[in-house]
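One letter stands for each residue in the lines below.
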Amino acid sequence: DAKTTQPPSMDCAEGRAANLPCNHSTISGNEYVYWYRQIHSQGPQYIIHGLKNNETNEMASLIITEDRKSSTLILPHATLRDTAVYYCIVRGMTTDSWGKLQFGAGTQVVVTP
Amino acid sequence: GAVVSQHPSRVICKSGTSVKIECRSLDFQATTMFWYRQFPKQSLMLMATSNEGSKATYEQGVEKDKFLINHASLTLSTLTVTSAHPEDSSFYICRAQRGTEAFFGQGTRLTVV
């Protein structure tokens, strides 16, 4: 599985957009980029995923570069409840590829008033 | 609503006692579930893979006799921490896969006193 690299922490002002980068330079053609977040003392929560096109849902937008070696998760209007650790994961689109899913350190996002 | 339900959410037990944590997939069958442990300010660490109808497989360094896993049905996996010690105090999280969708339990905060 492709390795991902994320900054360890990021601060964001409430109401502003939060742009979270992720580097996945070894991603292969059939692997998707997934984002999860973990609010303190809760289990991880799915946010969004994409292959090569930009994606948007009610939680966030995902921008994937044309060469697919990096991506950015955008929280358009950060709220205090968005304070969490955000994990970028690369996975294939088969059930087998989801076996022993391991997490990196992620990015600790702190949204301040 | 929650797709994977984990109970209890928090438990305090005395040293030497055993604690059972349940993980249920609510509206789908999960032949495989996964158990993670998370210490403060650290990422999730995969402990073991729970297989319905067969023995669990454990990651290196995880004591199978201490962390008993039972996956007796397609919707329920249990993790029993036996003879708990203060160093077992941690946040335990389960994961179930529905195809390529990963669902996590809410987590169990275990405190051993």
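Everything here concerns the structure above.
Overview of the structure. (Residues numbered from 1 in each chain as written. Chains lettered and ligands numbered in written order. Predicted model: local features only at pLDDT ≥ 70, side-chain atom pairs only at ≥ 80, totals over all residues. Heavy atoms only, no water.)

**Describing the overall build of chain B**
Right, on to step 1. The helix and strand inventory of chain B stands at zero helices and 11 strands.
Right, on to step 2. Moving toward the C terminus, one meets the helices and strands of chain B in the order β-β-β-β-β-β-β-β-β-β-β.
Right, on to step 3. Principal-axis analysis of the C-alpha atoms gives chain B an extent of 40 × 30 × 20 Å.
Right, on to step 4. For chain B, the residues scored as buried account for 52% of the 113 residues in total.
Right, on to step 5. Taking the intrachain contacts of chain B between residues at least 6 apart in sequence as the baseline, contacts between residues at least 24 apart amount to 52%. (Helix = DSSP H or I, 4+ residues; strand = E, 2+ residues; numbered from the N terminus. Buried < 20%, exposed > 50% of the residue type's maximum accessible area, 1.4 Å probe, protein only. Contact = heavy atoms within 4.5 Å.)

**Some thoughts on the side chain of B:Gln97**
Residue and element names in this part refer to chain B.
Right, on to step 1. Take glutamine 97: it is sitting in strand E9 (residues 90–98).
Right, on to step 2. Residue classification places glutamine 97 among the buried positions, given a relative accessible area of 10%.
Right, on to step 3. Within the local environment of glutamine 97, its side chain forms a polar contact with the backbone oxygen of glycine 99, the two atoms lying 3.1 Å apart.
Right, on to step 4. At 3.2 Å, the side chain of glutamine 97 and the backbone oxygen of glutamate 101 are in polar contact. (Polar contact = N/O pair within 3.5 Å; in protein donor to acceptor, adjacent residues only side chain to side chain.)

**Thoughts on the nonpolar core**
Right, on to step 1. Counting residues in each nonpolar core, the largest one holds 26 residues, and the members touching the most others are B:Val4, B:Phe28, B:Trp35, B:Phe67, B:Leu79, B:Tyr92 and B:Leu110.
Right, on to step 2. Sorting the residues of this core by element identifies strand E2 (10–13), strand E3 (19–25), strand E4 (32–38), strand E5 (45–51), strand E7 (67–73), strand E8 (76–81), E9 and strand E11 (108–112) of chain B as the ones contributing at least two each.
Right, on to step 3. For B:Leu79, the residues in contact, after removing those within four places along its chain, are B:Val19, B:Lys20, B:Ile21, B:Trp35, B:Phe67, B:Leu68, B:Ile69 and B:Tyr92.
Right, on to step 4. Residues A:Trp35, A:Ile47, A:Leu73 and A:Val90 belong to the second largest nonpolar core, which totals 23 residues. (Core = buried A, V, L, I, M, F, W, Y, C linked by side-chain atoms within 4.5 Å.)

**Some points on unusual backbone geometry**
Right, on to step 1. In this chain, B:His7 is followed by B:Pro8 through a cis amide linkage whose omega measures -5°.
Right, on to step 2. Locating B:Pro8 in the fold gives a position in the loop between strand E1 (4–7) and E2.
Right, on to step 3. At A:Ser41, a position not held by glycine, the phi torsion is positive, near 65°.
Right, on to step 4. With respect to the helices, strands and loops of the structure, A:Ser41 is situated in the loop between strand E3 (31–38) and strand E4 (45–50).
Right, on to step 5. Since its relative accessible area comes to 30%, A:Ser41 is described here as partly exposed.
Right, on to step 6. In this structure, B:Ser83 is a non-glycine residue whose phi angle is positive, near 45°.
Right, on to step 7. Mapped onto the fold, B:Ser83 is located in the loop between E8 and E9.
Right, on to step 8. Classification of B:Ser83 by relative accessible area gives partly exposed; the value is 36%.

**Concerning the pairing of E8(B)**
Residue and element names in this part refer to chain B.
Right, on to step 1. Burial analysis of E8 places six of its six residues in the buried class, which makes it a mostly covered element.
Right, on to step 2. Both E3 and E8 contribute to a ladder of six bridges, which runs antiparallel. Within E8, the position partnered with cysteine 23 by the bridge is serine 77.
Right, on to step 3. What sits between E7 and E8 in their antiparallel hairpin is a turn of two residues. (Pairing = 2+ DSSP bridges.)

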